[in-house]
Amino acid sequence: MEKKEEIEITDEDLREAMREIKAYLDITEEDLQRIYKLALKHAKERLLKRIPVKAVMTEKVIAVRQDTEIKEAARLLSENRISGMPVIDENERVIG
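Residues numbered from 1 in each chain as written. Predicted model: local features only at pLDDT ≥ 70, side-chain atom pairs only at ≥ 80, totals over all residues. Heavy atoms only, no water.

Asks: Just to check I follow, could you spell out the overall build of the protein for this structure?
Replies: The number of helices and strands found in the protein is three helices and two strands. In the protein, the order of α-helices and β-strands from amino to carboxyl end is α-α-β-α-β. Here the protein has a C-alpha radius of gyration of 22 Å; the compact-globule value for 96 residues is 12 Å, and the former is much larger. With the principal axes as the frame, the protein shows a C-alpha extent of 65 × 30 × 25 Å. The buried share of the protein, taken over its 96 residues, is 18%. Once local pairs closer than 6 in sequence are excluded, the contacts in the protein between residues at least 24 apart make up 38%. Accessible surface, the protein: about 8700 Å² in total, of which carbon and sulfur atoms supply 52%. Across the protein, the mean location of the 19 positive side-chain charges is 1 Å away from that of the 22 negative side-chain charges. (Helix = DSSP H or I, 4+ residues; strand = E, 2+ residues; numbered from the N terminus. Rg over C-alpha atoms; globule rule 2.2 N^0.38 Å. Buried < 20%, exposed > 50% of the residue type's maximum accessible area, 1.4 Å probe, protein only. Contact = heavy atoms within 4.5 Å. Areas by Shrake-Rupley, 256 points an atom, 1.4 Å probe, with all protein chains shown as cover. Lys, Arg positive; Asp, Glu negative; His and termini not counted. Charge placed at Lys NZ, Arg CZ, Asp CG, Glu CD.)

Asks: It is not clear to me how the side chain of Asp89 should be interpreted in this structure. Could you clarify?
Replies: Along the chain, Asp89 falls in the segment after strand S2 (87-88). Residue classification places Asp89 among the buried positions, given a relative accessible area of 9%. Setting aside chain neighbours within four positions, we find Asp89 in contact with Arg65 and Ile95.

Asks: Honestly, helix H2 (residues 29-48) in this entry has me stumped. Any pointers?
Replies: In an α-helix there are 3.6 residues to a turn, and that puts residues three or four apart on one side. With 20 residues, H2 extends 28 Å from end C-alpha to end C-alpha; this agrees with the ideal 28 Å at 1.5 Å per step. Buried within H2 we find Ile35, Leu38, Ala39, His42, Ala43 and Leu47. Looking at the packing, one finds that the buried side of H2 touches helix H1 (11-21). (Expected span 1.5 Å × (residues − 1).)

Asks: What is the right way to read the packing of H1 against H2 from this model?
Replies: A pair of packed helices is captured by two measures, namely the crossing angle of their axes and the spacing between those axes. Where H1 contacts H2, the two axes come as close as 8 Å, and the packing angle between them is 120°. With respect to H2, the element H1 is oriented oblique. Seen along the crossing, H1 lies across H2 with a hand that is right-handed. Residue-level contacts link Asp13, Leu14, Glu16, Ala17, Met18, Glu20 and Ile21 of H1 to Arg34, Ile35, Leu38, Ala39, Lys41, His42, Ala43 and Arg46 of H2. (Axes fitted to C-alpha atoms, helices over the stretch in contact; angles between N-to-C directions. Parallel < 35°, antiparallel > 145°, perpendicular 65-115°, else oblique. Left-handed = near helix turned anticlockwise from the far one by under 90°.)

Asks: Is there a simple way to think about the environment of Ile9 in this case?
Replies: Along the chain, the position of Ile9 falls in the segment before H1. Since its relative accessible area comes to 25%, Ile9 is described here as partly exposed. In contact with Ile9, not counting residues within four places along its chain, are Leu14, Tyr36, Ala39, Leu40 and Ala43.

In structure tokens form, the structure reads like this:
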């Protein structure tokens with residue numbers, strides 16, 4: 001199992017969180033929790049920008065032709081645990 005990358009909140013994440021509040025801050029525990037949650041959101045957004053498409057793409061693409069029966073397409077979706085498939089023509093070009 002892959003080790004998940006730990007999310008580290010940077011000073012910039014905290015600054016972005018504080019900007020988002022748009023108010024003078026006399027810090028209470030509630031304020032700090034709100035800032036922390038906003039900073040965590042900014043940290044996650046920053047990390048998501050670093051994920052290459054290759055890390056989430058499917059390498060083995062399962063496709064169907066436009067004359068494939070719906071029942072067969074549903075079987076392929078279910079068996080392969082996927083939510084969609086490209087539809088290809090006789091030249092294997094994606095048409096849907």
